[in-house]
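# What the coordinates show
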Amino acid sequence: MKGLWLLLTPGLLWAVLRLFGLEIGFLVQAFAFTPYVAAWTVLPMIIALARRRWPESAAAATAVVIMAWCVLPRALPDHDHGPDRGVRITVMTINMFIGAADPGAIVTLVREHDVDVLAVQEFSPMARMGLTNAGLDALLPNNALADEVGTTGSGLYSRFPIVKSHSERGGGGNMQVYATIKPPGTAALDVVSAHPLAPYSTEVLKLWKSDLAAEPKADILLGDFNSTLDHAPVRRLIARGGYRDAADATGRGLLGTWGPYAGKPVPPVTLDHVLAARRIGIRDVQVHGVKGSDHRSVLAALVIPTA
């Protein structure tokens, strides 16, 4: 009996903390793996039911229901994807892992999927040169770039004219590029290559939260958010900005975009997102690996209302 309670209690506590957005301290990193814990909660429920342990069954079932409510919708397409008529564009984001991602692989994805807007993070001067040499400038001739040595650089490339742009450094030290892009037949779009600080230790959690809270209201906010939808700060960002998470809206919200890391058996989690204003339609989302990066690229096919 005690063994069964020991088996189910961690999942139940996790479910309650997730439901109320109470992740603190070391739990912030752990909460990225909530979908895996959600799957685990089914096992104690099955065991409790099989043994006819009704109090334990009720507690385990509570954990399963909470986790299903929090996690399962990401695997199911939303009924409302936004408008399906307008100008169709494809956007893509990739964290280049200190500039080590294969520029040829990135340009191949841009070419094969007719990408119109590309956001890059951990964007170094060498990465910038590599993308140019691989032919990106011919495909996406307009850009706003803030490349830096290390992990803090950022950039936006566009097939369409960039009306204005600037870059800002977040409180956590990462650069973010902001651009107003003008696709034909639509109003101008405010686009941001987002890269809030990672919650890599408990000492930087305030900066992680403040970076997410400081993200601007834009038409398209895409990049490495260093957060999953199980983190309360990114859920607040989506609610405050009136966004749809493109992968969540299309039932692809559980596709991992980061991990394994440095050869360690870290299961994939979803840190990279495309957030679009609700007036923008979501047609499709794809995730593709990129050689040399620990992140995967996220491509979203969007529909922009005509002007």
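One structure accompanies this document, and this report is about it. (Residues numbered from 1 in each chain as written. Predicted model: local features only at pLDDT ≥ 70, side-chain atom pairs only at ≥ 80, totals over all residues. Heavy atoms only, no water.)

Turning next to the sheet that holds strand E5 (residues 162-169). Ordered in space as E5-E6-E7-E8-E10-E9, the 6 strands form an open sheet in which the pairing is mixed. Looking at the sheet topology across the chains shown, the edges are occupied by E5 and strand E9 (243-245). Direction aside, the axes of adjacent strands within the sheet are offset by 15° on average. In this structure, strand E6 (residues 175-181) lies alongside strand E7 (residues 189-194), joined through 5 bridges in antiparallel fashion. Along E7, the bridge assignment pairs Ile 181 with Leu 189. Sheet strands touched by helix H10 (residues 232-241): strand E8 (220-224), E9 and strand E10 (272-277). Its angle to E9, the strand with the most contacts, is close to 135°. (Pairing = 2+ DSSP bridges. Helix = DSSP H or I, 4+ residues; strand = E, 2+ residues; numbered from the N terminus. Axes fitted to C-alpha atoms, helices over the stretch in contact; angles between N-to-C directions. Contact = heavy atoms within 4.5 Å.)

Structurally, the position occupied by Thr 180 is in strand E6. We classify Thr 180 as buried; its relative accessible area is 10%. Of the polar contacts made by the side chain of Thr 180, one reaches the side chain of Asp 190; its length is 2.9 Å. (Buried < 20%, exposed > 50% of the residue type's maximum accessible area, 1.4 Å probe, protein only. Polar contact = N/O pair within 3.5 Å; in protein donor to acceptor, adjacent residues only side chain to side chain.)

All right, on to the packing of helix H4 (residues 42-50) against helix H5 (residues 54-71) then. Packed helix pairs are characterised by how far apart their axes lie and by the angle those axes make with each other. Look at H4 against H5: their axes get within 8 Å of each other, and the N-to-C directions meet at 155°. One way to sum up the angle between H4 and H5 is to call them roughly antiparallel. Here H4 and H5 pass one another in a crossing that is left-handed. Contacts between H4 and H5 pair Val 42, Pro 44, Met 45, Ala 48 and Leu 49 from the former with Trp 54, Glu 56, Ser 57, Ala 60, Ala 61 and Val 64 from the latter. (Parallel < 35°, antiparallel > 145°, perpendicular 65-115°, else oblique. Left-handed = near helix turned anticlockwise from the far one by under 90°.)

The next subject is helix H1 (residues 2-19). The terminal C-alpha atoms of H1, which comprises 18 residues, lie 25 Å apart, in line with the 26 Å expected from a rise of 1.5 Å per residue. Considering bend angle alone, the principal kink of H1 is centred on Leu 8 and spans about 30°; proline Pro 10 follows within four residues of it. For H1, the full list of buried residues reads Leu 4, Leu 8, Gly 11, Trp 14, Ala 15 and Arg 18. One or two residues past the end of H1 sits Gly 21, with phi positive at roughly 60°. (Expected span 1.5 Å × (residues − 1). Bend = angle between axes of the 7 residues up to and from the residue.)

This part is about the pairing of strand E11 (residues 281-289). Bridge count between E11 and strand E12 (residues 296-304): 8 bridges; the pairing is antiparallel. The residue of E12 that forms the bridge with Gln 286 is Leu 299. From the end of E11 to the start of E12, which pair antiparallel, there are 6 residues, and Gly 292 there has a positive phi angle of about 95°.

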